[in-house]
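Secondary and tertiary structure notes
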Amino acid sequence: MLPDIEASKSEYPSIDWTKYAKHYDQMCNHNPSYWEMINSVLTAIGTLNLPESSRILDIGAGTGNLLFSLAKERNDLSLFHLDFDRGMNELASAKYNSLGQKNTVEIVACAVEEANFPDNHFDVITTTNALYATSEPQKVLSTAYDWIKPGGQLVIVDFGRPQNVNDWAWYMAKTSLVTQGIAPTIKLFRENWEVARQNKITAEAQDSGNYWLHNTSEFKIALEKSGFIVNKLDQCYRGYSDIAVCSKPH
Ligand SMILES: C[S@@+](CC[C@H](N)C(=O)[O-])C[C@H]1O[C@@H](n2cnc3c(N)ncnc32)[C@H](O)[C@@H]1O
């Protein structure tokens, strides 16, 4: 049975995304599983063979890593970045501007719960590790369904398992030690202690029911409950996240 994912929400705790933003890319750049996840989403979007001017929305687009990579591959798409955090959006904006093609990616600075797009508007909606942190994940899925054109796709990754701060710290340390050595690894951890603090808050928010926890089959049920046909389903991000490619029926 689908757990009532809206039922036990409380106001706090929740991540301070602006504090996180300052360290986000540095940590991602030392986290191979992050780039494997982003590349899986890019591959899934690539296999759709989207025609020129297709409209793509990234919900909770953060520092823009996904759309920046996509814009570099395909400058003929119409890309929309949605995120409510100013710190994240500023970093994303700098990346998009560096492409030298202004307006390649349009930033929509608001909460997904407050966004207002027409129905049947996007060819593809994507979202990576952001849905779990929204106030009403099931409602966001249903809204995304409405915004996608009939026959369009949702390419989604969501962080569903309990955050294990020590497991991630150990993984990052091992990876950095192998690729960078001891001194840069110590520097990385010293400079980015805030990330561990924010990850601890994620764990607390999950414990308190403020952030959605799911296993892979609960994730599939939530997608189907909003009307999607789930065409591909797997785990990624070291098993912490689920990835799905879904379509909206014609
Ligand atoms: C873990 S980050 C993921 C960022 C990006 N998708 C990535 O994979 O690198 C989650 C992002 O979701 C955004 N976010 C969380 N809740 C949101 C909401 N209700 N509306 C819009 N953005 C939200 C945060 O500001 C943050 O940038």
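Worth saying up front: this structure is predicted, and the values here are computed from it rather than measured.

The rules we used
Residues numbered from 1 in each chain as written. Predicted model: local features only at pLDDT ≥ 70, side-chain atom pairs only at ≥ 80, totals over all residues. Heavy atoms only, no water. Pairing = 2+ DSSP bridges. Helix = DSSP H or I, 4+ residues; strand = E, 2+ residues; numbered from the N terminus. Axes fitted to C-alpha atoms, helices over the stretch in contact; angles between N-to-C directions. Contact = heavy atoms within 4.5 Å. Salt bridge = Lys/Arg side-chain N within 4 Å of Asp/Glu carboxyl O. Buried < 20%, exposed > 50% of the residue type's maximum accessible area, 1.4 Å probe, protein only.

1. Notes on the sheet that holds strand S2 (residues 78–82)
Read across the open sheet, the seven strands follow the order S3-S2-S1-S4-S5-S7-S6; overall the sheet is mixed. Strands at the two margins of the open sheet, each flanked by one partner only, are strand S3 (105–108) and strand S6 (229–236). On average, each strand axis in the sheet is inclined to that of its neighbour by 15°, with strand direction left out of account. Bridge count between strand S1 (residues 55–59) and strand S4 (residues 122–128): three bridges; the pairing is parallel. Across the sheet, residue Leu 57 finds its bridge partner in S4, namely Ile 125. Its contacts with the sheet put helix H9 (residues 216–225) on strand S5 (148–159), S6 and strand S7 (241–247), and the angle it makes with S6 is roughly 150°.

2. Let's talk about the pattern of salt bridges
For the structure on display, the rule yields 10 salt bridges. Between Asp 76 and Arg 74 there is a salt bridge, and its shortest N-O distance comes to 2.8 Å. Asp 76 sits in the partly exposed class, given a relative accessible area of 25%. The partly exposed category is assigned to Arg 74, whose relative accessible area is 24%.

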